[in-house]
Each structure stands twice: as structure tokens, then as C-alpha cells.
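Coordinates in review
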Amino acid sequence: MTTAVIGTGGLGSVIARQLASGGETLRLSSADTASARALAAQIGRAAVVAAGNRDALRGADAVVLALRFTVLKGVIDELAGPLAGKLVVVPSNPVTTDAHGNLSRVLPEGQSSGKAVAGWLPAGARLAMAFGTLPADLLVSASNRSPEPAVLFYATDDERAGEEVERLIRTAGFEPVKAGGLEQSGRLEVGGDLHGLVASPAEARSLIRRA
Ligand SMILES: NC(=O)c1ccc[n+]([C@@H]2O[C@H](COP(=O)([O-])OP(=O)(O)OC[C@H]3O[C@@H](n4cnc5c(N)ncnc54)[C@H](OP(=O)(O)O)[C@@H]3O)[C@@H](O)[C@H]2O)c1
């Protein structure tokens, strides 16, 4: 199947490599296409560089928006209509970094990023918050663990999005575990109890049951 990865920086490049390793075909785009081109060259035949963000969606079953939270709404507005009918995967944490590297939250305390992003999407887009719980280096080192895979948590309000994102998470070399609906996305983010956690499936399910 084909997934568009929009944003090929620190996180998007890792997600793209993992999906390609699992057999996914990719359409890549980035702000100025240089990083998308470099990544496509590394990945090889499984990845093509799109002419732009809208072109990345052409023929794609799903899209991963691996973008900083502060540019996410602008790109969603640019994509608009073509997002309808697709799985939209968002790994963005609702934070920004100042010149000294200090993180600060860009949403009011207690406001779920999943609900905020859902409000920006056109009707018919199926949103899953996923792939943003682990730093990129941990995403690399924890993938394809054996004999037991490590877990990637996700949150969605949409049953079909859940099935689709589970396939992508497995393709990337992890076991999917649902944290809950979009209102639970705070648990996945920086500061959330599931953020940065490399858990076995049994540990993960027990954490979800206890919450
Ligand atoms: N990095 C991590 O370890 C990590 C872990 C968990 C979650 N996250 C989340 O993942 C998101 C991305 O983080 P990152 O570290 O990958 O950021 P990053 O390295 O700055 O990469 C951002 C990417 O977005 C692209 N971009 C910016 N504006 C765009 C536009 N208008 N259209 C298309 N592409 C655009 C950039 O393109 P260019 O390459 O052309 O500049 C770049 O490829 C953030 O929200 C972060 O919270 C990151």
C-alpha cells in the first residue's frame, strides 16, 4: 500500500525508512523538497518525491504529517479536500522550542492535541495520533524487537482509522496498542505517562487497563 509522508526531518525520515523496510510504498514531501529528495535516494525504489504536499497525497491510502505542531494547521489547510477519505496520522507533540532549546506547550493545559487537530481536518478524514511517543533514536532501536515486539501507542475516535494505523504500526516493526479516543492523546505527548515508554504488549495493555 502507499503512504504519503509529509515532513522528512528528524522523525518523518525514520518513520519513512521503517515503513519502507516493512514493504510500504512512499510518496515524500518536505518544505523545500531537499530533505525529501535525499531521503528518497537513501530509501530507493520504494520512495518517490512528490512535486508538493498535495501531490504527495495522489494515490496514497494514508498520510503521515510529520510536522512541527506550529506548521501543522497551515499544511492541513493547504491540503484540505484531498485529506477526506484518507487515514491521517499525526505524531506532532503540541510544543515549540525556543532559541535555547527550551520546550513550551502551544495548547492550553488540559486541551487534547488530538481534539485540536481533529477540529482542523475536513469532514471524512480519519485521524489517528501515533508515532510521536518515542524520540526518533528510540523509534529506531526499539523497532522489530524479537521475540516480543515493542509497543507503539495510538489514539483515535475512528474504528477504521484504528485498523489502518495498526497496520502501519506493524509495518514499522511495532505492536499497536490503543490508548483510547482522541481525548487521551495527552497521554502520548511530551509530559504524558505513555510518552517515551518502550513497553512490551503485556505491560502496555496493563497500563491502559489500570488508567
Ligand atoms: N524528532 C523526534 O525525535 C520526534 C519524536 C516524537 C515526536 N516528534 C514530533 O514530530 C514532529 C516533527 O518533528 P521533527 O523532529 O521531525 O521536526 P524537523 O526535523 O524540524 O522536521 C520537520 C519537517 O517538516 C517539514 N516541513 C516544514 N514545513 C513544511 C511544509 N509547509 N510543508 C511540508 N513540509 C514541511 C520540514 O521540511 P524541510 O526538511 O524541507 O525543512 C522537515 O522535513 C514534531 O511535531 C515533533 O513534536 C518528533
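Presented here is a report on the structure given in the accompanying data block.

So, how was this worked out
Residues numbered from 1 in each chain as written. Predicted model: local features only at pLDDT ≥ 70, side-chain atom pairs only at ≥ 80, totals over all residues. Heavy atoms only, no water. Near = heavy atom within 4 Å. Polar contact = N/O pair within 3.5 Å; in protein donor to acceptor, adjacent residues only side chain to side chain. Areas by Shrake-Rupley, 256 points an atom, 1.4 Å probe, with all protein chains shown as cover. Helix = DSSP H or I, 4+ residues; strand = E, 2+ residues; numbered from the N terminus. Nonpolar A, V, L, I, M, F, W, Y, C, P; charged D, E, K, R; others polar. Axes fitted to C-alpha atoms, helices over the stretch in contact; angles between N-to-C directions. Parallel < 35°, antiparallel > 145°, perpendicular 65-115°, else oblique. Contact = heavy atoms within 4.5 Å. Core = buried A, V, L, I, M, F, W, Y, C linked by side-chain atoms within 4.5 Å. Buried < 20%, exposed > 50% of the residue type's maximum accessible area, 1.4 Å probe, protein only. Left-handed = near helix turned anticlockwise from the far one by under 90°. Pairing = 2+ DSSP bridges. Arc of directions from axis to C-beta. Salt bridge = Lys/Arg side-chain N within 4 Å of Asp/Glu carboxyl O.

This paragraph deals with the site of the ligand. Contacts to the ligand come from 24 residues, most closely from L11, S35, L67, R68 and A136. T8 places a polar main-chain atom, nitrogen or oxygen, 2.9 Å from an oxygen atom of the ligand. The side chain of D32 places a nitrogen or oxygen atom 3.2 Å from an oxygen atom of the ligand. Here the ligand has 900 Å² of accessible area as a free molecule, and 74% of this is covered by the chains. Looking at the shell around the ligand, the elements that each hand over two or more residues are α1 (10-21) and α4 (69-79). Counting residues per element, the shell around the ligand draws most heavily on α1, which supplies three residues. For the shell around the ligand, the residue count by class is 11 nonpolar, 11 polar and two charged.

Relative to the assigned elements, G81 resides in the loop between α4 and β5 (87-90). Each C-alpha atom of the pair G81 and D137 lies 34 Å from the other, and the pair is 56 residues apart in sequence.

With their axes 9 Å apart at the nearest point, α4 and helix α5 (residues 113-120) run at an angle of 25° to one another. Here α4 is positioned roughly parallel relative to α5, judged by the angle of their axes. Counted together, F69, L72, K73 and I76 of α4 and S113, V117 and W120 of α5 form the full contact between these two elements. Per-class residue counts for the contact of α4 with α5 are five nonpolar, one polar and one charged.

Membership of the largest hydrophobic core comes to 35 residues, with the highest contact counts inside it found for L65, L83, V88 and V117. Sort the elements by how many residues they give to this core and α4 lands first, with five residues. With near-sequence residues (within four places) excluded, V117 lies in contact with F69, L72, I76, V90, L127 and M129.

This paragraph deals with the packing of α1 against helix α2 (residues 34-43). Running from amino to carboxyl end, α1 crosses α2 at an angle of 25°, the nearest separation of the two axes being 11 Å. As far as their axial angle goes, α2 and α1 are roughly parallel. Both α1 and α2 take part in a crossing whose hand is right-handed. In contact with S13, A16, R17 and A20 of α1, α2 contributes L39, Q42 and I43. Its residues assigned to classes, the contact of α1 with α2 shows four nonpolar, two polar and one charged.

With mixed pairing, eight strands are arranged side by side in an open sheet as β3-β2-β1-β4-β5-β8-β9-β10. With partners counted over all chains shown, the strands left at the sheet margins are β3 (47-49) and β10 (175-180), one partner each. Put simply, the sheet's adjacent strands are angled 25° from each other on average, direction ignored.

Let us look at α4. Inspection of α4 places F69, L72, V75, I76 and L79 among the buried residues, and these make up the whole buried set. Viewed end-on, α4 has its buried residues packed into an arc of 105°, placing them on one side of the element. Looking at the buried side of α4, the elements it contacts are β1 (2-6), α3 (53-56), β4 (62-65), β5, β6 (95-97) and α5. Backbone geometry just after α4 places A80 at a positive phi near 40°.

Turning our eyes to something else, we now look at the pattern of salt bridges. According to the stated counting rule, one finds 13 salt bridges in the structure shown. Here E166 ties to R170 by a salt bridge, and the two come within 3.8 Å at their closest N and O atoms. Here E166 pairs with R170, and both are found in helix α7 (residues 159-171), just four residues apart, close to one helical turn. Overall, the relative accessible area of 21% leaves E166 in the partly exposed class. Each member of the salt-bridge network shares a partner with another, and the members are E166, R170, E175 and R205.

What is shown is where atoms sit, not what they do.
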